[in-house]
Amino acid sequence: MTLKKGLQLFGLLTVLFTLIPIAAADNWWIRIFDFPHAQLTGLTLMAIGTFLVKFDLRNWRDYAFITVLIACFVYQFVKIYPYTPLANVEIADSSSAAQDEIRVFTANVYQQNTAHDKVLTAIKNEAPHLILLMETNQKWYNAVHPTLSKTYPYFITEPLENTYGMLLYSSIPLEDTAIRYQVSDRIPSMKAMATLENGAQVQLLAIHPTPPMPQHKASSSDRDKEMMLTAFEAQNTDKPVIVLGDFNDVAWSSTTSLFRSVSRLLDPRVGRGFYNTFNANSWLMRWPLDHLFVSPHFRLKKIGAGTSIGSDHFPVIATLSFEPEAKEKQKPAPPTQDEIDRANAQLGDQSMQFTLE
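What this report covers is the structure whose coordinates are included nearby.

Scoring rules and cut-offs
- Sequence positions are assigned chain by chain, starting from 1 and proceeding in written order.
- Only residues with pLDDT of at least 70 get local features here, since the model is predicted, and only at 80 or more are side-chain atom pairs given and counted; chain-wide, interface and lining totals rely on the full set of residues.
- With hydrogens and water set aside, each side-chain value is computed from the structure's full complement of heavy atoms.
- Note on pairing: DSSP must find at least two bridges between two strands before they are called paired.
- The helix and strand labels rest on DSSP assignments: H or I over at least four residues marks a helix, E over at least two residues marks a strand, and numbering proceeds from the N terminus.
- In this description, a line fitted to the C-alpha atoms serves as the axis of each element, helices being fitted only across the stretch in contact, and the angle between N-to-C directions of two axes falls anywhere from 0 to 180 degrees.
- Between two residues, a contact is recorded if the distance between any of their heavy atoms is within 4.5 Å.
- Pairing of aromatic rings covers Phe, Tyr and the six-membered ring of Trp, with a centre-to-centre limit of 6.5 Å; geometry is then stacked below 30 degrees between planes, edge-to-face above 60, and tilted otherwise.
- Relative accessibility under 20% of the residue-type maximum defines a buried residue, over 50% an exposed one, and the middle range a partly exposed one, all with a 1.4 Å probe and only protein chains included.

**Topic: the sheet that holds strand β7 (residues 201-207)**
In step 1: Ordered by their spatial adjacency, five strands build an open sheet running β5-β6-β7-β8-β9, and the pairing between neighbours is mixed. Looking at strand neighbours, the two that pair on one side only are β5 (174-184) and β9 (290-294), the edges of this open sheet. Going from strand to strand, the sheet's axes swing by 15° on average, the running direction of each strand aside.
In step 2: As defined by bridge partners, β5 adjoins strand β6 (residues 187-195) across six bridges and the pair is classed as antiparallel. From the neighbouring strand, Leu174 faces β6, where its bridge partner is Ala194.
In step 3: In the packing of helix α7 (residues 221-235) onto the sheet, contacts are made with β5, β6, β7 and β8 (241-246), and the angle to β5 comes to roughly 145°.

**Focus on the sheet that holds strand β4 (residues 166-170)**
In step 1: What the six strands build is an open sheet, ordered β3-β4-β2-β1-β11-β10; its pairing is mixed. The sheet is open, and its two borders are formed by β3 (154-158) and β10 (298-305), each paired with just one other strand. For this sheet, the mean angle separating the axes of adjacent strands, direction not counted, is 10°.
In step 2: In this structure, β3 lies alongside β4, joined through five bridges in antiparallel fashion. Counterpart to Tyr154 in the pairing with β4 is Ser170.
In step 3: Contacts from helix α5 (residues 116-126) reach β1 (101-108), β2 (130-134), β10 and β11 (316-322), with the element oriented near 165° to β1.

**Things to note about the packing of aromatic side chains**
In step 1: Overall, the coordinates contain ten aromatic pairs when judged by the stated rule.
In step 2: Between the aromatic rings of Phe77 and Tyr81, the centroid separation amounts to 5.9 Å while the plane-to-plane angle is 55°, which identifies the pairing as tilted.
In step 3: Take Phe77: its relative accessible area is 30%, and that puts it in the partly exposed class.
In step 4: A relative accessible area of 33% means that Tyr81 is categorised as partly exposed.
In step 5: Site record: aromatic cluster; members linked through ring pairs are Phe73, Phe77 and Tyr81.

Structural data, given as structure tokens:
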């Protein structure tokens, strides 16, 4: 094989990897290509650069090929562009007059991880008001509950041995707490109403849907369904909303983008950065699986990915300011009828269908 043929094959692979996730299918081997868009963007740029080494100015096929590669690069970059500092932020920075803050710490601790003290130390250092720990089984509960329950008297616990256990702790009073199994009798989610110091109530929703992987679920249908149920629930409440958890989906995927539109929630990463949380064990193959979405009542003081806690995920740490008087300045557009239709299609069950209000 000649060098040019090898470069063309390399370029064709980047084109293929770009086109695969465009397919409207929920098979795991298709949806998995939603994840590495940042890596594919770099790979496509590399394909363009290397192909130029053997570019023939007199060959129209080379012009056609480089045009396709550039189109793929543009498509890839457009997908991740909102999560770069080049884009405008979706949530404004906190104002100097803001007084009511909520510090959030959420982490997939990795069920087999035994570094319980690392998690407790990270929580102590950050001093959050709200903590969500996922992949927590009985061992994790036994290791962290005695310590956390002293400082965080409000909690919801559902330790499980199937990597979908959840522990939610809060120093802010919680009411109307519930553990729900919305899509599967193996996958819990949590719901609570938090009451801030000023008396305002905030609807909390925590989810950890199953990923589209053959050892979990061969399609993304369950994940997508739980995300859409959560989106519609967030849209249909008149309270401020915080949704958090490991979505097993990246910020720029079609499903998470649809979630944002339907829920009318805001992503604090937009205009700021990726804040990749998985895989903590690989510096190259990382993407943002752990999410925090809020209603326009909030502004952002700080967000970041935490340091290693022995898990394959980094924590997400954020400080929000409650500024409802400024919500109209960052209120998102309502979802379109097409988006509502697509979300309903992911729900499947006709009894769960929603309409545009």
